[in-house]
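Tertiary structure, described
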Amino acid sequence: MSEDGIISAKCKMLEIFSKLDDSDLEPIEKWICSQSYKKDLENKKALRSSENLLKKIGDSIKKIVPFEAVMPTETIIPPVVGDQADCNKYNTCHVDEFLYDEDQVEVLVKKGKVKKYYCLDCNSRNIEKLTFISHSMSRQTLQYIFRVLLPKDLEDKQLLDIGSRLGTVLYAAYYLTNASKIVGIEMNKECCEVQEKIINQYSMDIDRIKVIHSDVMDRPDVVECSDVFIINVFDFFVDVEKHKELWYFFKTHFKNGSYLVVNRSMAETLGSLDMFEEFMDWLIICKPYQLENEIYFDVEDFSELYLYTINKK
Ligand SMILES: C[S@@+](CC[C@H](N)C(=O)[O-])C[C@H]1O[C@@H](n2cnc3c(N)ncnc32)[C@H](O)[C@@H]1O
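Criteria and cut-off values
- Residues numbered from 1 in each chain as written.
- Predicted model: local features only at pLDDT ≥ 70, side-chain atom pairs only at ≥ 80, totals over all residues.
- Heavy atoms only, no water.
- UniProt positions renumbered as here; feature names shortened; annotations may be inferred.
- Helix = DSSP H or I, 4+ residues; strand = E, 2+ residues; numbered from the N terminus.
- Buried < 20%, exposed > 50% of the residue type's maximum accessible area, 1.4 Å probe, protein only.
- Lys, Arg positive; Asp, Glu negative; His and termini not counted.
- Salt bridge = Lys/Arg side-chain N within 4 Å of Asp/Glu carboxyl O.
- Contact = heavy atoms within 4.5 Å.
- Axes fitted to C-alpha atoms, helices over the stretch in contact; angles between N-to-C directions.
- Parallel < 35°, antiparallel > 145°, perpendicular 65-115°, else oblique.
- Left-handed = near helix turned anticlockwise from the far one by under 90°.
- Nonpolar A, V, L, I, M, F, W, Y, C, P; charged D, E, K, R; others polar.
- 1 Å grid on protein atoms, 1.4 Å probe; cavity = no way out; pocket = protein on both sides within 12 Å on 5 of 7 lines; lining within 4 Å.
- Points joined across faces, edges and corners; volume = space filled by probe spheres on them.

- Quoted verbatim from the Sequence similarities (unreviewed entry) field of the UniProt record, the comment on the protein reads "Belongs to the class I-like SAM-binding methyltransferase superfamily. Cation-dependent O-methyltransferase family."

Some points on the side chain of Arg 208
- Along the chain, Arg 208 turns up in the loop between helix 7 (189-201) and strand 7 (209-213).
- Lacking a salt bridge, the buried Arg 208 has Asp 205 as its closest oppositely charged neighbour, with an N-O distance of 6.3 Å.
- For Arg 208, the contacting residues outside a window of four places in its chain are Ala 173, Tyr 174, Thr 177, Asn 178, Ala 179, Ser 180, Lys 181 and Ile 182.

What about the packing of helix 3 (residues 37-62) against helix 6 (residues 168-176)?
- Close contact between helix 3 and helix 6 brings their axes to 11 Å; oriented N to C, the two are set at 150 degrees. Classified by the angle their axes make, helix 3 and helix 6 are roughly antiparallel. The element helix 3 and its partner helix 6 pack so that their crossing is right-handed. Across the interface between the two elements, Ser 50, Leu 53, Leu 54, Ile 57 and Ile 61 from helix 3 touch Tyr 171, Ala 172, Tyr 175 and Leu 176 from helix 6.
- Residues of the contact of helix 3 with helix 6, tallied by class, amount to 8 nonpolar, 1 polar and no charged.

A word on empty space enclosed by the protein
- In this structure the tally under the stated criterion is 1 cavity of 30 Å³ or more.
- Considering only enclosed or pocket space, the largest cavity measures out at about 60 Å³ in volume.
- Those elements giving two or more residues to the lining of the largest cavity turn out to be helix 9 (240-253) and helix 10 (266-272).

Structure below.
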């Protein structure tokens, strides 16, 4: 790094330190002087390199899916209940967060490939921000799930991503966990083909990672032998009736003691379907298992992620 670069780094550190009072500064001083920050730094660098690998996979996916990452055979309809019920084709824009992070979206906006606003009347300055909807989890969200939320040791466990779409959860689980089996189940055939291609292209071990093309409700056998479930909200993909059926199906087939990770609280999801009370005893909310790794993340960004265990007693 050049001398100017070092000055700039020191300047950024001073900016942070200047906002802390003495009692906050003390543990930070200790952390630096005792050199224990070095191990944290190594871990941070390892996380960055795994993020780069996921980014590379994202770039490979971009080459084989349409720009909005919605397949020609898909019918994606804005939900009529829940926190996304105000979405419609005029105010909503599909941008896949795994393929395009915030910086990449800014580049797309500058190039004019993505618009941020829509007009409420015509030819006026009465504009409104578009709602950006992603049907995949971002790379950082996935890192947080596997490095903070879930237990570190998933050996002998089967992880199931229900609705695996482009396979993003599967690739992150493959590189960030020691789960013995990583399975994706997805009802859209074209999405399954994308996942197969990526698994092949990156020479992943097909004894450890696989994709099943099916409606999850036709495969209770796969669900019953899974230990960790990841569910990214289904709102845009199923109607209210099917959504309810899915949760009754999960209630019957999820194993006692299994883990469930979701990107919206179950109280909200099941509440909007008018069925929370029936499920209250079935779910136990958990604290993150790898709290020591929170240091690598801006935890406020992940407040929508929830971990539960299944209680069938
Ligand atoms: C929001 S996307 C989740 C993508 C991925 N899990 C992630 O987080 O990046 C939901 C996916 O679930 C799939 N899906 C919805 N209902 C399903 C069902 N009954 N069986 C299998 N897949 C389903 C949809 O086709 C869609 O690709």
